[in-house]
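# Notes for the structure review
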Amino acid sequence: MEKDSEQLAETTSSNMEQQERDPESNSLHRPLLKRNLTLSSSPLALVGTKVSYIESLDYEINENDLFKHDWRSRSQTQVLQYIFLKWLLAFLVGLLTGVIATLINLAVENIAGYKLLAVVQYIDKKRYMMGFFFMTGVNFLLTLSSTLLVVFLAPTAAGPGIPEIKAYLNGVDTPNMYGAMPMFVKIVGSIGAVAAGLDLGKEGPLVHIGACIASLLGQGGPDNYRIRWRWIRYFNNDRDRRDIITCGASSGVCAAFRSPVGGVLFALEEVATWWRSALLWRTFFSTAVVVVVLRAFMEYCKDGDCGLFGQGGLIMFDVSGVSVTYHVVDLIPVTVIGIIGGVLGSLYNHLLHKVLRLYNLINDKGKLAKITLSLAVSLFTSACLYGLPFLASCKPCDPSLVDSECPSTGRMGNFKQFNCPKGHYNDLATLLLTTNDDAVRNIFSTNTPREFHVFSLVIFFILYCILGLFTFGIAVPSGLFLPIILMGSAYGRLLGMAMAPYTTIDQGLYAVLGAASLMAGSMRMTVSLCVIFLELTNNLLLLPITMLVLLISKSVGDCFNPSIYEIILELKGLPFLEAHPEPWMRNITVGELADVKPPVVTLCGVEKVSNIVDVLRNTTHNAFAVVDNALVPAVGQVSEVHGLVLRAHLLLVLKKKWFLQERRRTEEWEVREKFTWVDVAERWGTIEDVAVTKEEMEMYVDLHPLTNTTPYTVVETMSVAKALVQFRQVGLRHMLILPKYHGPTVPPVIGILTRQDLRAHNILSAFPHLEKSHANGVSYKEGTGTQPMSAAVTLTSIFWQLRFGDRGDDDGSEIKKAI
């Protein structure tokens, strides 16, 4: 992965040359993810189509004098208004997400439906070539429109968007991901891509669309057309924006599956790093609104007022009236499904990882290469969907069925006539010449033990495995849920057909279990998937075996590689902090990390303007420690840490020209007269936007009122593992390292830890012996050499690596050596 990432960054050197040089990491011109001799604080990551400079988000409450005064001065009415607006935003997020999801479903069902009806008419008239050219041409134009929108208007709209949302909620700022243009392209592009019959779903894009809606509402609209209402500006901070985007992500999942509880649990289990009870209530409220909107539209469309939408367009598999009975012997095939799902899911992740690396190199050759790749996949998909049903033999209809049910020449129905004579149907055409949602509904159908032939299901499974690998990664909005559901349901139904003489479980339910197992094996979700499938099936009797399948699949998949979203995060270079530290992180302290970093930059409480300008121009730090000197009797001059001041606040001071003629502390009323809480919440550009005269350079600034006096600190002897857990759980951007012993000659601050400093990859670049010593069963201690580890510690380390996945670049080869 490292070599491919370096090649990718080298080919995009023209984009990177536009980046400014970074004194802390020597240069931003280094290849993406290249290992340095020291810890780098300047991450580069793929956002859209460019290698971009990535910053962290300020989730921590900045408790300076302005914040404290604003908090004390708020009346009870203002606090209630603030809480009411949070709930109002949650309501609007659910409402708009439900409306947009309905419109997407209406558009997809009607565009794809009329296209398929026209194709069926050509086939009925034996005009097979005209049917092929019509279907291929329409799919070609739909894919082309979707790709052009993504390539020229919003490159960040490609893909599902879930990994970027996961990184954002982890504390990583992913630029240009939540604007109005990415949302528009995501909506229109997903309609075109799904209606074109590509092997992708609208579920992932709906999550991204929900996050975009939430972000735009929280900040008052797009950047250039923001609503400047006073109360909206209360939410113009990273902390509240994180909460509202969490509501948007859960609403998107709910809109995709009509699963309100599943949407909340998806946000909790998969995308959200930080959680609290108040956020749980608001996300549940948002998903409840989504369900009400979807149900209202479905009731309205039942009478045929929505074109071909009818009762389709949303994945529904209601088996509440189906009798589900199983015995102890049925646990054997259920366990087999779980194992198969874990193995195939990890294999799918591995192969998709290789394909995405190849696509990165192809897409990097320019816009024409992206368009060509998307169109080539579209042509291949159309040829397979139209041509493969000719390989399947016709099957006679069940005599118990009425003529209107079998065969069907329309878009709906489980028995497509295709090129078969009257009274016969083509089972493979039933699965391929239909929309993706209807394909899921058909393969999930119950009480149809002889509907599908083994040969047709094998072709269907192989085809969607190939299409699932080669479709994801092209320049269109795409989701992973539906392709994985289709693949999993195919082998689940095949196993159900093989076990038919020995089990009482319906083949349609085996298809459901197969889809759940592959999703757990690839995405490594359990609780949220269980609830989603429970709400889809509306049958509590499926709960025990679904839980068993999900647990087995996830456990098996974890033994091979990380989840698909973690793989995408790694490929993009987004600095995501994992929940569990590596075992070797307990063998190194934060003080040792500070030793390999550049010296910490500090400012005085009352600082000269020229010094502030010099620091801002020659560093890229986002925050600086503020240190005061005090005279202590019998000790002498002692330095103490007053707090942490942000770069944005220093720029605010320079823009507002809040300068002092002499070095002195200001009064509290002076700062309130010049600044408001709205000013502190804004971001104020760069130092190049500020003009300071020579006379002003000799003046002073009192930084005390703008300094966060309660920053999170750790002692230099704390292990990196413990510091990482605190950093991630609290949602920090900076963590001060203080010395264990204090004195006149001891600096008050040893260093500042950031996200990049705590990533395993960067630590190993500066301490490569840590991974080697851990794999060889030895423990490293600074200054004392190496000491053998006990067998129990070695086995524990191996268990942690296998349980939470290998995070290095050797795919677990060191673990195999240790075993």
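Rules used in this analysis
- Along each chain, residue indices are assigned from 1 in the same order as the chain's sequence is written.
- A pLDDT threshold of at least 70 governs which residues receive local features in this predicted model, and a stricter bar of 80 or more applies before side-chain atom pairs are shown or counted, although totals over entire chains, interfaces and linings include all residues.
- Computation of side-chain values: all heavy atoms of the structure, hydrogens and water removed.
- Only DSSP runs of H or I covering at least 4 residues are called helices, and only runs of E covering at least 2 are called strands; the numbering of each starts at the N terminus.
- The buried label applies to any residue whose accessible area, calculated with a 1.4 Å probe on protein chains only, is under 20% of its type's maximum; exposed applies above 50%, and partly exposed to all values in between.
- Exposure was quantified through the Shrake-Rupley algorithm and a 1.4 Å probe, taking into account, for residues, occlusion by the shown protein chains and nothing else.
- Sulfur atoms of two cysteines make up a disulfide when they are within 2.5 Å.
- Two residues qualify as a contact provided that any one of their heavy atoms is within 4.5 Å of a heavy atom in the partner residue.
- Axis lines are fitted to C-alpha atoms, over the contacting stretch for helices. Their N-to-C directions set the angle, which ranges from 0 to 180 degrees.
- Roughly parallel here means an angle under 35 degrees, roughly antiparallel means over 145, roughly perpendicular means 65 to 115, and every remaining angle is called oblique.
- Gly falls in the polar group here, along with every residue not listed as nonpolar (Ala, Val, Leu, Ile, Met, Phe, Trp, Tyr, Cys, Pro) or charged (Asp, Glu, Lys, Arg).
- Any pair of Phe, Tyr and Trp rings, taking the six-membered ring for Trp, is counted once the centres come within 6.5 Å. Such a pair is stacked with planes under 30 degrees apart, edge-to-face with planes over 60 apart, and tilted for the rest.
- UniProt positions are given in the numbering used here, feature names are shortened, and annotations may be inferred rather than shown by experiment.
- We count a salt bridge whenever a side-chain nitrogen from Lys or Arg sits within 4 Å of a carboxyl oxygen from Asp or Glu.

Before going further, it helps to examine the overall build of the chain. A tally of regular secondary structure across the chain gives 32 helices and 16 strands. Scored against the burial criterion, the 819 residues of the chain give a buried share of 58%. Total accessible area on the chain stands at roughly 33,300 Å², and carbon and sulfur atoms take up 61% of it.

Further remarks concern the state of the cysteines. Within the structure shown, the criterion is met by 2 disulfides. The residue that forms a disulfide with Cys394 is Cys420, at a sulfur-sulfur distance of 2.1 Å. On the sign convention where negative means left-handed, the S-S torsion of about -90° between Cys394 and Cys420 marks this disulfide as left-handed. Of this pair, Cys394 sits in the loop between helix 13 (367-387) and strand 5 (395-396) while Cys420 sits in the loop between strand 5 and strand 6 (424-425); the two residues are 26 residues apart in sequence, bridging distant segments of the chain. Take Cys394: its relative accessible area is 31%, and that puts it in the partly exposed class. For Cys420, a relative accessible area of 5% translates into the label buried.

Before going further, it helps to spend a moment on helix 19 (residues 527-537). Taken across its 11 residues, helix 19 has 8 buried, putting it largely inside the fold. When we look at burial in helix 19, the residues that qualify are Ser528, Leu529, Cys530, Val531, Ile532, Phe533, Leu536 and Thr537. Of the surrounding secondary structure, the elements contacted by the buried residues of helix 19 are helix 9 (238-257), helix 10 (260-271), helix 18 (507-523) and helix 20 (543-558). Once helix 19 finishes, Asn538 follows within two positions and takes phi at roughly 60°, a positive value.

A separate point is the packing of helix 6 (residues 162-170) against helix 21 (residues 564-572). Orientation of helix 6 relative to helix 21, taken along the N-to-C sense of each, is 80°, at an axis distance of 9 Å. One element, helix 6, and the other, helix 21, form an angle in the roughly perpendicular class. Here Ile162, Pro163, Glu164, Lys166 and Ala167 of helix 6 lie close against helix 21, whose contacting residues are Tyr565, Glu566, Ile568, Leu569 and Lys572. Residues of the contact of helix 6 with helix 21, tallied by class, amount to 6 nonpolar, no polar and 4 charged.

Here the focus is the packing of aromatic side chains. What characterises a pair of aromatic rings is the spacing of the ring centres plus the angle enclosed by the ring planes. Evaluated as defined, the whole model comprises 14 aromatic pairs. Taken together, a centroid distance of 4.6 Å and an interplanar angle of 45° make the contact between Phe460 and Tyr464 tilted. Taken together, the residues span about one helical turn, with Phe460 and Tyr464 both in helix 16 (residues 454-471) at a distance of 4 residues. Phe460 gets classed as buried once you look at its relative accessible area, which sits at 0%. For Tyr464, a relative accessible area of 3% corresponds to the buried category.

With that settled, the discussion passes to the UniProt feature "transmembrane region" (unreviewed entry) in the chain. UniProt tags residues 87-108, 129-157, 177-198, 244-268, 274-294, 332-351, 452-473 and 540-557 as "transmembrane region" (unreviewed entry). Between the end C-alpha atoms of residues 177-198 the distance is 23 Å, and the span holds 73% helix and 0% strand. With 82% helix and 0% strand, residues 452-473 has its two end C-alpha atoms placed 31 Å apart.

Scanning all chains against the criterion turns up 19 salt bridges. For Glu55, the salt bridge is made with Arg733, and the minimal N-O distance between the two is 3.4 Å. Linking Glu55 in strand 3 (residues 55-56) with Arg733 in the loop between helix 28 (720-730) and strand 13 (735-738), this pair joins segments that are 678 residues apart in sequence. On the basis of relative accessible area, Glu55 is assigned to the partly exposed category, the value being 36%. With a shortest N-O distance of 2.4 Å, Asp438 and Arg441 are connected by a salt bridge. One end of the pair is Asp438 and the other is Arg441, both in helix 15 (residues 436-443) and 3 residues apart, which spans about a single turn. Accessibility expressed as a relative area gives 3% for Asp438, which makes it buried. Among the ionic contacts, a cluster of salt bridges with common partners joins Arg242, Asp243, Arg276 and Arg282.

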